[in-house]
Amino acid sequence: MSKKVVEVKTLKVGKYVIIDGEASKITNISTSSPGKHGSAKARVEAVGIFDNQKRSFVKPVDSKVDIPIIDKRTAQVLAIMGEDVQLMDLENYETFETPIPDELRDQLVEGVEVEYIEALGQRKLMRTKG
């Protein structure tokens with residue numbers, strides 16, 4: 001599993017964070033600073049990249065959280081098999097299968113190049129190239 005540890009205060013909307021073991025994209029961050037001796041807290045809301053579940057956490061801004069290392073790659077469609085598509089990575093020529101997202105179902109044909117992301121051992125098709 002490829003991840004880094006950062007402080008909560010360095011997180012930004014649109015970046016990624018690991019919540020409950022899932023890589024999630026941050027949609028909202030709000031901070032509150034309590035009284036004289038309390039520490040500032042941040043509420044981070046995010047949506048899972050692979051399962052689209054809403055998740056959130058509240059932590060002090062100086063506490064540490066894990067962020068996933070997202071690998072964006074290019075692949076070529078080899079075959080469409082019902083709900084899944086077989087892809088070949090164009091860098092290391094590894095072949096693998098991944099589910100077809102609903103928004104890309106009508107755009108995929110054999111031989112077309114696509115972009116996908118890989119994080120925490122999971123892969124997701126993002127868009128077609130060209």
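Scroll up to find the structure.
These numbers were taken from a predicted model, which means no experiment stands behind them.

Undergrad: Help me understand the packing of aromatic side chains in this model?
TA: Centre distance and the angle of the planes are the two values used to describe a pair of aromatic rings. On inspection of all chains with the given rule, the structure shows one aromatic pair. Sitting over the face of the ring of F57, K59 holds its NZ or CZ atom 5.4 Å from the ring centroid. Over the aromatic face of F96 sits the side chain of R123, whose NZ or CZ is 4.0 Å from the ring centroid.

Undergrad: Where do I start with the sheet that holds strand β11 (residues 122-128) in this structure?
TA: In sheet architecture, strand pairing relies on hydrogen bonds along the backbone and comes in two forms, parallel and antiparallel. Judged by pairing direction, the sheet is antiparallel, and its five strands sit side by side in the order β9-β8-β7-β10-β11 without closing on themselves. Two strands in the sheet have a free side with no partner beyond their single neighbour: β9 (95-99) and β11. Taken over all neighbouring pairs, the strand axes of this sheet differ in orientation by 45° on average, direction set aside. Sheet topology places strand β7 (residues 71-81) next to strand β10 (residues 113-119); six bridges connect them, and they run antiparallel. Residue pairing in the sheet places K72 in a bridge with I117 of β10.

Undergrad: Which parts of the structure should I look at to understand the nonpolar core?
TA: Considering soluble globular proteins, one finds that nonpolar side chains tend to be buried as a cluster. Counting 13 residues, the largest nonpolar core has V8, L11, V17, V44, F57 and V65 as its most contacted members. Here the element with the most residues in this core is strand β4 (residues 41-48); it accounts for three residues. Setting aside its immediate chain neighbours within four residues, V44 contacts V8, L11, I26, N28, I29, R55, S56 and F57. In this structure, F96, I100, L108 and Y116 belong to the second largest nonpolar core, which totals 12 residues.

Undergrad: When you look at the side chain of R73 in this model, what are you seeing that I'm missing?
TA: Following the sequence through the fold, R73 ends up in strand β7. There is a polar contact of 3.1 Å between the side chain of R73 and the side chain of E91.

Undergrad: Sorry, what's going on with the pattern of salt bridges here?
TA: Evaluation of the coordinates by the stated rule reveals 13 salt bridges. We note a salt bridge from D71 to R73, for which the minimum N-O separation is 3.7 Å. With a relative accessible area of 33%, D71 lands in the partly exposed category. R73 gets classed as buried once you look at its relative accessible area, which sits at 16%. Two residues, R73 and D89, come together in a salt bridge whose shortest N-O distance is 3.5 Å.

Rules behind the numbers
Residues numbered from 1 in each chain as written. Predicted model: local features only at pLDDT ≥ 70, side-chain atom pairs only at ≥ 80, totals over all residues. Heavy atoms only, no water. Phe/Tyr/Trp six-rings, centres within 6.5 Å; stacked < 30°, edge-to-face > 60°. Lys NZ or Arg CZ within 6 Å of the ring centre and 35° of its normal. Pairing = 2+ DSSP bridges. Helix = DSSP H or I, 4+ residues; strand = E, 2+ residues; numbered from the N terminus. Axes fitted to C-alpha atoms, helices over the stretch in contact; angles between N-to-C directions. Core = buried A, V, L, I, M, F, W, Y, C linked by side-chain atoms within 4.5 Å. Buried < 20%, exposed > 50% of the residue type's maximum accessible area, 1.4 Å probe, protein only. Contact = heavy atoms within 4.5 Å. Polar contact = N/O pair within 3.5 Å; in protein donor to acceptor, adjacent residues only side chain to side chain. Salt bridge = Lys/Arg side-chain N within 4 Å of Asp/Glu carboxyl O.

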